[in-house]
Amino acid sequence: MAEEDQAITARKEKVEHKLQQRNQTRECQVEAARSARSTAGQESTEDMVVQFYKEMEPLVEELEKMVTQASILPTEEVTSHLDQMVVKLQKLQEFVTESGMFLPTYDIKKTQQTLSSLNTQFQAVQEKVKPKKKFGFKSRKQKTGLTTATVPDPGTVSVVGNGAAGYSSSNSCSLSNLTGQVVVLTREQVMARDVSLEHLTDCRVEIHGPPSTLHMSTMTNCTILSGPVSTSVMVDGCTSSTLSFSCQQLRIHRTTNTDIYLHTTARAIIEDSQGVRVAPYCWTYTGLEGDYVTAGLDREVNHWDDIGDFNWLALDKHSPNWSVLPAGERREEWAADN
């Protein structure tokens, strides 16, 4: 019996050894295939998203640590430390922007929230360790029919018609829940900030300056005109509107029957949209050239008519969901009554 048991044990160990070898072989094959996909640029979106977070999380942790350190540094080291934070924030923003071409919508919003939070923390610690001098603003006389909403900092938002503008003044600027309004945002209000426009109907918004990002959602029959946006523009749930902006990157979701006058230095992406028409960016205002310099956008690089449609995979046929706006139908005048 002992010899028989030993023989059974030997056979069992032999089988287990073969299974182990087979598993190791499969693991090697999987890793080789993954490496081949990566080398060929054919890595799956899921793999790229996982890798994105692996690279992003240490950058975020480092900036959060620098925020804490800023409060306890000697005075002579504060300026240099803040400058380093600015550089790292810019690099993180660039990394997120570049990754936006493959990140799903949820992850884009999540990372933008993280960036916004980091910028807010930076602004707060900067004000604490190196406060700016306070400035006072004199009230201006209101023109007939013009409603002026005073905001905490800096300046005012002008609104034509009934209703009030919602405005947030930290590292972000937002307008929401407006109907039939004309709003002009100044350079001081938007420069290097995240601008958000939500739930607007029959409104006209002019952004005279270079925001960091621009998010537009749930808009109907609106005209939105913006100066150069240094990073990304997100459009979600826009209907029967006219948009004009310059940016580094554009993502469009759930948008219908909307004309976009566009300058973008990267290929724009649309998803779940129909009736989107594009034309070259042509809106202008005083100080536009300087805002281009501030935003860091190259006017000579423009992919306004190079649109990728996530819902149209055919390479030999043009997507039916977007088209180039015929020259004869393009707007040349941008006055409020046009």
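Everything that follows concerns the structure shown earlier in this document.
Keep in mind that what you see is a predicted model, and the values were worked out from it rather than measured.

Visitor: Before we move on, can you summarise the overall build of the protein with the specific residues and values?
Guide: For the protein, the count of helices and strands is six helices and 16 strands. Among the 338 residues that make up the protein, the fraction classed as buried is 38%. Within the protein, contacts between residues separated by at least 24 positions form 41% of all contacts whose residues are at least 6 apart in sequence. Put simply, the protein shows about 19300 Å² of open surface, and 51% of that area lies on carbon and sulfur atoms.

Visitor: With reference to specific residues and values, describe the packing of helix α2 (residues 45-70) against helix α3 (residues 75-99).
Guide: At a minimum axis separation of 11 Å, α2 and α3 run at an interaxial angle of 160 degrees. The angle between the axes of α2 and α3 places the two elements in the roughly antiparallel class. Of the two possible hands of crossing, α2 and α3 adopt the one that is left-handed. Here α2 contributes F52, E55, M56, L59, V60, E62, L63, M66, V67, Q69 and A70 to the contact with α3, which in turn contributes H81, Q84, M85, K88, L89, L92, F95, V96 and S99. Partitioning the contact of α2 with α3 into residue classes produces 13 nonpolar, four polar and three charged.

Visitor: Let's hear about the pattern of salt bridges: which residues, and what values?
Guide: In a structure, side chains of opposite charge can pair up when their charged atoms sit close to one another. Taken as a whole, this structure holds eight salt bridges when the rule is applied. A salt bridge links R267 to D306, with the nearest nitrogen and oxygen atoms 3.0 Å apart. Taken together, the residues span a long stretch of sequence, with R267 in the loop between β12 (256-264) and β13 (268-271) and D306 in the loop between α6 (288-295) and β15 (307-309) at a distance of 39 residues. Here D306 falls in the partly exposed class, since its relative accessible area comes to 30%. Three or more residues are tied together by salt bridges with common partners; here these are D259, R277 and E329.

Visitor: Pulling in residues and values, what's your account of the packing of aromatic side chains?
Guide: Scanning the model with the defined rule gives four aromatic pairs in all. Between the aromatic rings of F52 and Y53, the centroid separation amounts to 5.2 Å while the plane-to-plane angle is 70 degrees, which identifies the pairing as edge-to-face. Taking relative accessible area as the criterion, Y53 reaches 15% and is therefore assigned buried. Seen in terms of ring centroids, Y261 and W334 are 5.0 Å apart; in terms of plane orientation they differ by 85 degrees. Their pairing is edge-to-face. Residue Y261 is located in strand β12, and its partner W334 is located in the segment after β16 (322-324); the two are separated by 73 residues in the primary sequence. With respect to class, Y261 is no different from W334; both count as buried. Through successive ring pairs, a cluster of aromatic residues spans F52, Y53 and F95.

Visitor: Quick rundown of the nonpolar core? Include the residues and the values.
Guide: Membership of the largest hydrophobic core comes to 35 residues, with the highest contact counts inside it found for L197 and M216. Listed in part, the 23 residues of the second largest apolar core include Y53, L63, V96 and L103.

Visitor: Any details on unusual backbone geometry? Residues and values, ideally.
Guide: With phi around 55 degrees, H199 is a residue other than glycine that occupies positive phi space. Under the relative-accessibility criterion, H199 is labelled partly exposed at 40%. With a phi close to 55 degrees, D202 is a non-glycine residue in the positive phi region. Its place among the elements puts D202 in the loop between β5 (194-201) and β6 (204-207).

Rules of the game
Residues numbered from 1 in each chain as written. Predicted model: local features only at pLDDT ≥ 70, side-chain atom pairs only at ≥ 80, totals over all residues. Heavy atoms only, no water. Helix = DSSP H or I, 4+ residues; strand = E, 2+ residues; numbered from the N terminus. Buried < 20%, exposed > 50% of the residue type's maximum accessible area, 1.4 Å probe, protein only. Contact = heavy atoms within 4.5 Å. Areas by Shrake-Rupley, 256 points an atom, 1.4 Å probe, with all protein chains shown as cover. Axes fitted to C-alpha atoms, helices over the stretch in contact; angles between N-to-C directions. Parallel < 35°, antiparallel > 145°, perpendicular 65-115°, else oblique. Left-handed = near helix turned anticlockwise from the far one by under 90°. Nonpolar A, V, L, I, M, F, W, Y, C, P; charged D, E, K, R; others polar. Salt bridge = Lys/Arg side-chain N within 4 Å of Asp/Glu carboxyl O. Phe/Tyr/Trp six-rings, centres within 6.5 Å; stacked < 30°, edge-to-face > 60°. Core = buried A, V, L, I, M, F, W, Y, C linked by side-chain atoms within 4.5 Å.

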